[in-house]
Amino acid sequence: MTDDGNYSVSNSGKKGLSDMDIPKADPDRSSTEQLCSELINNLGEGIAVIDENDRFRFANPALEEFLGVGRGYLEGKDFNDFLTERSRLIMEGQKKRGAKGIRDTFRLEIITKDSRSSNFLITATPRKSKSGEYAGSILAIRNIGEIEENERDLRREREKFRTILNSIQEGI
């Protein structure tokens, strides 16, 4: 994390994505690093890097906000501590798939720091160590709880509308 509270992707020794061996994309690496930092810090989706033991090695500000924690809080914490029991079982299966090199998208119920739960859509991309062993995953995390709530509300309203229409038709 930089002095301004954002995360850095440079190899300056500060915490961030520097240990992920970001390939040199162009001759002007500093502008690429700046763009990557801006994307990660301002993206409205959660991004995390977890190691082979499901411990956070990195989490962007959006994920910290989703989980209701402060900047830097997640580093070293166990991702499973934020999951319901059912979601832990799903994550265990996904970890086995990741160890086989399979990228996957799935839904987990995540518990925030203030004990609220919400559904999240997760895309897990496995990482390999230099020796080819499973080294954890990069997670893209999208809060779909509000979308699902809106869909439930819409279904309820649709059912009310049908009931009203049926009662009108019966009265005619």
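Quick caveat, the model's predicted, so the values are computed rather than measured.

Of the regular secondary structure elements, the chain holds four helices and five strands. Along the chain, helices and strands appear, N-terminal first, in the series α-β-β-α-α-β-β-β-α. With 172 residues in all, the chain has 36% of them scored as buried. For the chain, the proportion of contacts with a sequence separation of at least 24, taken over those separated by at least 6, is 41%.

Okay, the packing of aromatic side chains next. Taken as a whole, this structure holds three aromatic pairs when the rule is applied. Ring geometry for Phe-56 versus Phe-79: centroids 5.5 Å apart, planes at 90 degrees, classification edge-to-face. Highlighted residues: Phe-56 in strand β2 (residues 56-59) and Phe-79 in the loop between α2 (61-67) and α3 (85-99), separated in sequence by 23 residues. Members of the aromatic cluster, joined through ring pairs, are Phe-56, Phe-79 and Phe-82. If you follow Lys-77 out to its NZ or CZ, it ends over the ring of Tyr-73, 4.5 Å from the centre.

For the rest of this paragraph, the subject is α3. Residues three or four positions apart in an α-helix share a direction because the helix packs 3.6 residues into each turn. Taking 1.5 Å of rise per residue, the 15 residues of α3 would be expected to cover 21 Å, and the 21 Å separating its terminal C-alpha atoms lies within 8% of that figure. Ser-87, Met-91, Gln-94 and Gly-98 are the residues of α3 that are buried. Projected down its long axis, α3 shows its buried positions confined to an angular sector of 65 degrees, all on one face. More than 90 degrees from the buried face of α3, the exposed residues found are Glu-85, Arg-86, Leu-89 and Lys-96. Turning to α3, the residues buried within the fold contact β1 (46-50), β3 (104-111), β4 (117-128) and β5 (134-143). Where α3 ends, the next residue or the one after it, Gly-101, has phi of about 85 degrees, a positive value.

With that settled, the discussion passes to the pattern of salt bridges. Should their charged atoms come close, side chains of opposite charge can pair. Summed over the entire model, instances satisfying the criterion amount to eight salt bridges. Lys-95 is the salt-bridge partner of Asp-54, the closest N and O atoms lying 3.8 Å from each other. Of this pair, Asp-54 sits in the loop between β1 and β2 while Lys-95 sits in helix α3, placing them 41 residues apart in sequence.

Now for unusual backbone geometry. Across residues other than glycine, the phi torsion is negative in most instances, and most of the peptide bonds are trans. One non-glycine residue, Asp-54, lies in the positive phi region at around 65 degrees. With a relative accessible area of 6%, Asp-54 lands in the buried category. Look at Ser-115: it is not a glycine, yet its phi comes out positive at around 70 degrees. If you trace the backbone, Ser-115 turns up in the loop between β3 and β4. Accessibility expressed as a relative area gives 61% for Ser-115, which makes it exposed.

Calculation rules
- Residues numbered from 1 in each chain as written.
- Predicted model: local features only at pLDDT ≥ 70, side-chain atom pairs only at ≥ 80, totals over all residues.
- Heavy atoms only, no water.
- Helix = DSSP H or I, 4+ residues; strand = E, 2+ residues; numbered from the N terminus.
- Buried < 20%, exposed > 50% of the residue type's maximum accessible area, 1.4 Å probe, protein only.
- Contact = heavy atoms within 4.5 Å.
- Phe/Tyr/Trp six-rings, centres within 6.5 Å; stacked < 30°, edge-to-face > 60°.
- Lys NZ or Arg CZ within 6 Å of the ring centre and 35° of its normal.
- Expected span 1.5 Å × (residues − 1).
- Arc of directions from axis to C-beta.
- Salt bridge = Lys/Arg side-chain N within 4 Å of Asp/Glu carboxyl O.

The values are spatial; any link to function lies outside them.
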